[in-house]
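# Observations on the model geometry
Letter by letter, the chains look like this.
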Amino acid sequence: MAVDVKPDPQSLGENPLIEGLERLPVPATTLTIFGVTGDLAHRKLLPALYNLAHEGALPERFNLVGVARREMPTDEFRAVAKAAIEKFSRRPPDATVLEGLLGRMHYVGFSFDDVPSYGRLSATLDQLDEDGGGKLNRNYYLSTAPEYFPVIVGALKEAGLNYDPDVDIRCIIEKPFGTDLESALSLQQVVDHVFREQQVYRIDHYLGKETVQNVMAFRFANFMFEPVWNRNYIESIQITAAEDIGIGSRAGYYDKSGALRDLVQNHMLQLLTLVCMEPPGTFEADKVRDEKVKVLQAITPPTPEEVRRDTVRAQYTAGVEGGEEVAGYLGTDGVPDDSRTETYAALRLEVHNWRWAGVPIFLRTGKRLARKVTEIAVQLKPVPHLAFQSHGSVGVKPNQLVLTMQPNEGVSLSLGAKIPGSSMRIRPVNMEFNYGSAFMSQSPEAYERLILDAMRGEATLFTRSDEVIAQWSIIDPILKAWAEDTEPLHTYASGSGGPTAADDLIAPHRWRGL
Ligand SMILES: NC(=O)C1=CN([C@@H]2O[C@H](COP(=O)(O)OP(=O)(O)OC[C@H]3O[C@@H](n4cnc5c(N)ncnc54)[C@H](OP(=O)(O)O)[C@@H]3O)[C@@H](O)[C@H]2O)C=CC1
Ligand SMILES: O=C1O[C@H](COP(=O)(O)O)[C@@H](O)[C@H](O)[C@H]1O
């Protein structure tokens, strides 16, 4: 039976997913989501599937099988999925499309460590193949707590679900892939035992964001920036991933993680690789990822002395956010009173290669900061000589290029311009490109793009094993040094721009205002 989905006529021809679909077909697939009753599935994965259905991007033969611990009949699961989609979809659901999609959803309840129960999953998948008149590709999406990743991967092998010569079997793994270098290596060993690397799709949802992909488009589709994209012209780079929200109800996860593991090890290092990588020969997955890995491997893991000098960690205290008084991290439900977990991290890194040697790259991220913003600011060097200095052109500032991922998606270039009038007075003005007004369409959610790419076998926007290991190699010495707790854990008020110690870290440069 085909899914009754109608493409949105308004989005046809404009939508990058539809254009992508024309290039690479999406094969008939059964997607199994482990952890389908969880937070991520509800807020992101199920709504993403709905939006793909709405755009006509799902294959005609598509099924979703949800797996979680609780027992419930498929009808009840469909009602749960419907409620999640109605609540979190980026567009109001169309009843016909939604019913069509729900009709393709099935549920199998068992505990992930109950290996014999994978037989029930296997039987469900076989039945769906039979109902559809032939075998479908199988994608397993591990949207579970990370301790279950090796458990599920191992059980898939025991149940013989990891390989079929007739169809493609893929395993999509959520973050975090390990909690430090050692655990990432040991998870990789388990995965290697069960799947070939080409079958594995490690999620870093930032790579699914349109604006993050635009970093590559911007660099590699515009000739004018390449000549200056190096240590001769670029003075420093600042990457910010600031959030205004606290940790919500995720204390159990977050207190064991902290900002360094939660955002720096993955999303921020990915942004750094996109800014610093060499142009790949083609946009094939391995060509792109080869270049990204080279960048990561050119960052020397910091020594204890460098950790002391080049990193800052901090925790938020009570303050005012969005006009309301909010509690500090230590006053949050589920956070131990004596927690030393950082909710803010700032660091200085350097890519030791011909292009970037000597250019400081500053990273900062934190919860409960003044506002949400994710951006990369590239600071160019000042002009070598100002001919009209005697005319009072004191307002001349070096050019700065800011790529904003969210919330105001776009690119801004600051230029010196003459103030109208008789004297040669200069002040900075901004040349802006804004996604919303340039394309007049809503960007798809990151998970829409990533789910579709995984089904197509397109791995460019997923993290390869050597990439994730290289990321942990950079972060691991910092984790170890911070775990010794000899470095100060600074504080910052909720709603502020972060700890003053981070200003000292970046001096004589300055963080962009939040
Ligand atoms: N939530 C988020 O915003 C983000 C999450 N992630 C990652 O996504 C993954 C999932 O996170 P999240 O959805 O928040 O997690 P949740 O804790 O909300 O959900 C966990 C899911 O796993 C199921 N489950 C737990 N234990 C078992 C078990 N023993 N056997 C079978 N099912 C079990 C639960 O089923 P039941 O309800 O029946 O107990 C539930 O469906 C994690 O790796 C997380 O790091 C990544 C980015 C953001
Ligand atoms: O992976 C994570 O990302 C979110 C931030 O994602 P965004 O798309 O809203 O920028 C972060 O809040 C969360 O702690 C982290 O686990």
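Calculation rules
Residues numbered from 1 in each chain as written. Chains lettered and ligands numbered in written order. Predicted model: local features only at pLDDT ≥ 70, side-chain atom pairs only at ≥ 80, totals over all residues. Heavy atoms only, no water. Domains from an automatic or database assignment. Buried area = accessible area lost by both parts, 1.4 Å probe. Salt bridge = Lys/Arg side-chain N within 4 Å of Asp/Glu carboxyl O. Helix = DSSP H or I, 4+ residues; strand = E, 2+ residues; numbered from the N terminus. Nonpolar A, V, L, I, M, F, W, Y, C, P; charged D, E, K, R; others polar. Buried < 20%, exposed > 50% of the residue type's maximum accessible area, 1.4 Å probe, protein only. Contact = heavy atoms within 4.5 Å. UniProt positions renumbered as here; feature names shortened; annotations may be inferred. Polar contact = N/O pair within 3.5 Å; in protein donor to acceptor, adjacent residues only side chain to side chain. Pairing = 2+ DSSP bridges. Axes fitted to C-alpha atoms, helices over the stretch in contact; angles between N-to-C directions. Near = heavy atom within 4 Å. Areas by Shrake-Rupley, 256 points an atom, 1.4 Å probe, with all protein chains shown as cover.

Take the domain arrangement of the protein chain next. Segmenting the protein chain into domains produces domain 1 (25–203) and domain 2 (207–385 + 465–506). Inter-centroid distance (C-alpha atoms) of domain 1 to domain 2 is 31 Å. Summed over both partners, the interface of domain 1 with domain 2 comes to about 1000 Å²; 62% of that surface belongs to carbon and sulfur atoms. Of all residues in domain 1, K175, T179 and L181 give up the largest surface area on contact with domain 2, accounting jointly for 46% of the area buried on that side. If you look at where domain 1 meets domain 2, you find one salt bridge. The salt bridge involving K175 is made with D262; its shortest N-O contact spans 3.1 Å. Here the element with the most residues in the side of domain 1 that touches domain 2 is helix α7 (residues 181–194); it accounts for four residues. Residue classes in the side of domain 1 that touches domain 2 are distributed as four nonpolar, three polar and four charged.

With that out of the way, let us pick up the side chain of T463. With respect to the helices and strands, T463 occurs in the loop between α13 (446–456) and α14 (465–484). For T463, a relative accessible area of 5% puts it in the buried group. Not counting residues up to four positions away in its chain, the partners in contact with T463 are R202, D204, L207, Q270, R289, V468 and Q471.

So, on to the UniProt feature "active site" (unreviewed entry) in the protein chain. UniProt's feature table lists "active site" (unreviewed entry) at H267, given in the numbering used throughout. Relative to the elements of secondary structure, H267 occurs in helix α9 (residues 251–276). When residues no more than four places from it in sequence are discounted, the contact partners of H267 are K175, D204, H205, Y206 and D262. Reaching out from H267, the side chain makes a polar contact with the side chain of D204 at a distance of 2.7 Å.

The six strands are arranged β3-β2-β1-β4-β5-β6 in an open sheet whose pairing can be described as parallel. One side of each edge strand has no neighbouring strand; the edge strands of this open sheet are β3 (105–109) and β6 (200–202). Put simply, the sheet's adjacent strands are angled 20 degrees from each other on average, direction ignored. Here strand β5 (residues 169–173) pairs with β6 via three bridges, running parallel. Bridging from a neighbouring strand, C171 pairs with V200 of β6. Against the sheet, helix α3 (residues 74–88) engages β2 (62–68) and β3, with an angle of about 115 degrees to β3.

Okay, the site of ligand 1 next. Every one of the 22 residues lining ligand 1 counts as a neighbour, but T37, D39, R43, R70 and T144 are closest to it. Contacts to ligand 1 include R43, whose side-chain N or O atom sits 2.5 Å from an oxygen atom. Within the backbone of T144, a nitrogen or oxygen atom sits 2.7 Å from an oxygen atom of ligand 1. Within the complex, 82% of the 900 Å² of free accessible area of ligand 1 lies under protein. No other element matches the three residues that helix α2 (residues 39–54) contributes to the shell around ligand 1. A class-by-class count of the residues in the shell around ligand 1 yields nine nonpolar, six polar and seven charged.

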